[in-house]
Amino acid sequence: MLKALERFGLTGLVFYAALKEVAHPPAEAAPPPVNRLRLIVKTVIITAVAGIILLAAGGLIFAFSGIYPIAADKPHFYPVRRLLKITRTRSVQLHSRGIQVPNLNQRQLVLNGFVLFRKNCQTCHGAPGIPADQVGLGINPKPPRLITANTDWTDAQLYWIVSHGLKMSGMPAFSPRLSDSDRWGIVAFMRRLPTISPADYQQLMAAADQGLQPTSWGSADEQGFAQLKSANPEKGKALLVDYGCQSCHAIPAIGPGDVGPPLADFAERQYIAGLLVNLPTNTMNWIRDPQRFKPKTAMPNLGVKAEDARDIAAYLYTLGGPQRIETLQHETPRF
Amino acid sequence: MLLVALCACSSGVVRAANGTGGDPELGERFLYAYNCGGCHVIPGIAEARGTVGPPLTGLGTRIYIAGLLPNTPENLVLWITDPQQVEPGSAMPKAGVTQQQAIDIAAYLYTLH
């Protein structure tokens, strides 16, 4: 130190001291670790509380301002719709756990279910060939048409929804007014709905009005599904092209025809030609002889052979999600 | 690119309005109000993902309605207001759509290509 002072004078000394400082900074008096932790915790708590207060205040201002569009004649914003749907689905899944499903495959249960469905559900949900009435049409979110194969819910979940209803959706709870077996009857009938055509439903109503047991039901079409098992969908695809179906129908990966309806997602479609339930036998019959069902239809009779119609139907049932067909094949009650 | 898209879009709207005399924007509202989407897939309409009947995608260039009627504005309006008159027993119900509402709905559907 003295040597440095001798050699470089006072300036050198200052410089030397500064260098020494950089190389060996004096140990800072470390704050006690407890204090630092306390500071962190304090900051986090204050931030969280302030955040909650701000959110609550914002929410209150939003609610009291009245700017939220509550009108039911406009749909929810997409994110709101998604959130409501997820909340509803998860809640039903959670709360319906442990419900024991009785045997729904009983004629009397289903028939009773039809009477109750017609009286309590049809108003908002409609029925095959029957629209929801003005009350049902005005509800938001829209009450779903229940006539397609219901692959969203299990029997227990449907029973839970019928029993307890759904808040903020217009779906009422039926548990205090309908008995257990009545509510199961509605579920049993709903499982039957996707096999019932508009004409079948008219017959059901006519029979009920005359106090008769209905003779006509939807068909489970075991025969048609059995025929599909031996079909060749790949050959069906080639046959579609051979018969020129794509010149009238838009068919994914085949052609863009715009004379008749597109055949995309055919497996998910509920009706053919607005008349027949979309089941294998009906599809094959429609392909072979459409005029038999709808004399004035623009769909021509191309003289399709029986085995060709079977292969074409098998290919059409590969278009779209398989859940509907699987449900109808395996779960349709039979009696 | 955007300009081209805008032009294409507005000319579609003009064509639709010209063909039907209806208002596609009102049509969009009525399509929601009558829950047409409960049975049909309809591009641009909220919740319109129904699989009961055929998709209405591309209806503006479809040749036939219900496999029975040539797709003209008059026939489309008739089909929307009273499908049972065109085809008794059809799964398409008479939902109570008025003539003017059907004209607006048709105007919207003719924007779908």
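Predicted model, so just to flag it, every value in this text is computed and none were measured. (Residues numbered from 1 in each chain as written. Chains lettered and ligands numbered in written order. Predicted model: local features only at pLDDT ≥ 70, side-chain atom pairs only at ≥ 80, totals over all residues.)

Student: Any chance you could break down the overall build of chain A for me, citing the residues and the numbers?
Tutor: A count of helical and extended segments in chain A gives 14 helices and four strands. Across the 335 residues in chain A, those meeting the buried criterion constitute 31%. Once local pairs closer than 6 in sequence are excluded, the contacts in chain A between residues at least 24 apart make up 62%. (Helix = DSSP H or I, 4+ residues; strand = E, 2+ residues; numbered from the N terminus. Buried ≥ 20, exposed ≤ 12 C-beta atoms within 10 Å, placed from the backbone. Contact = placed C-beta atoms within 7 Å.)

Student: Residue-level account of unusual backbone geometry, with values.
Tutor: Residues and elements named next belong to chain A. At the junction of N140 and P141, the peptide bond is cis and its omega measures out at 0° in the coordinates. Within the element layout of this structure, P141 appears in the loop between α6 (134-138) and α7 (155-164). The phi dihedral of A253 is positive, around 65°, even though this residue is not glycine. Here A253 lies in the loop between β1 (250-251) and β2 (255-256).

Student: An account of the interface of chain A and chain B is requested, with residue identities and associated values reported.
Tutor: With 35 residues of chain A at the contact, the number on the chain B side is 30 residues. Split by residue class, the side of chain A that touches chain B holds 20 nonpolar, six polar and nine charged. (Nonpolar A, V, L, I, M, F, W, Y, C, P; charged D, E, K, R; others polar.)

Student: Give a detailed account of the environment of A:C248, specifying residues and quantitative values.
Tutor: Residue and element names in this part refer to chain A. Its place among the elements puts C248 in the loop between α11 (233-242) and β1. Along the backbone, C248 and A298 are 50 residues apart, and their C-alpha atoms lie at a distance of 9.9 Å. Discounting chain neighbours no more than four positions away, the residues touching C248 are G257, V259 and G260.

Student: Account for the domain arrangement of chain A, naming residues and giving values.
Tutor: Residue and element names in this part refer to chain A. In terms of domains, chain A is made up of domain 1 (99-209) and domain 2 (222-331). Centre-to-centre separation of domain 1 and domain 2, based on C-alpha positions: 29 Å. In this complex, domain 1 contributes eight residues to the contact, which on the side of domain 2 involves nine residues. Taken together, the residues of the side of domain 1 that touches domain 2 break down into three nonpolar, four polar and one charged. (Domains from an automatic or database assignment.)

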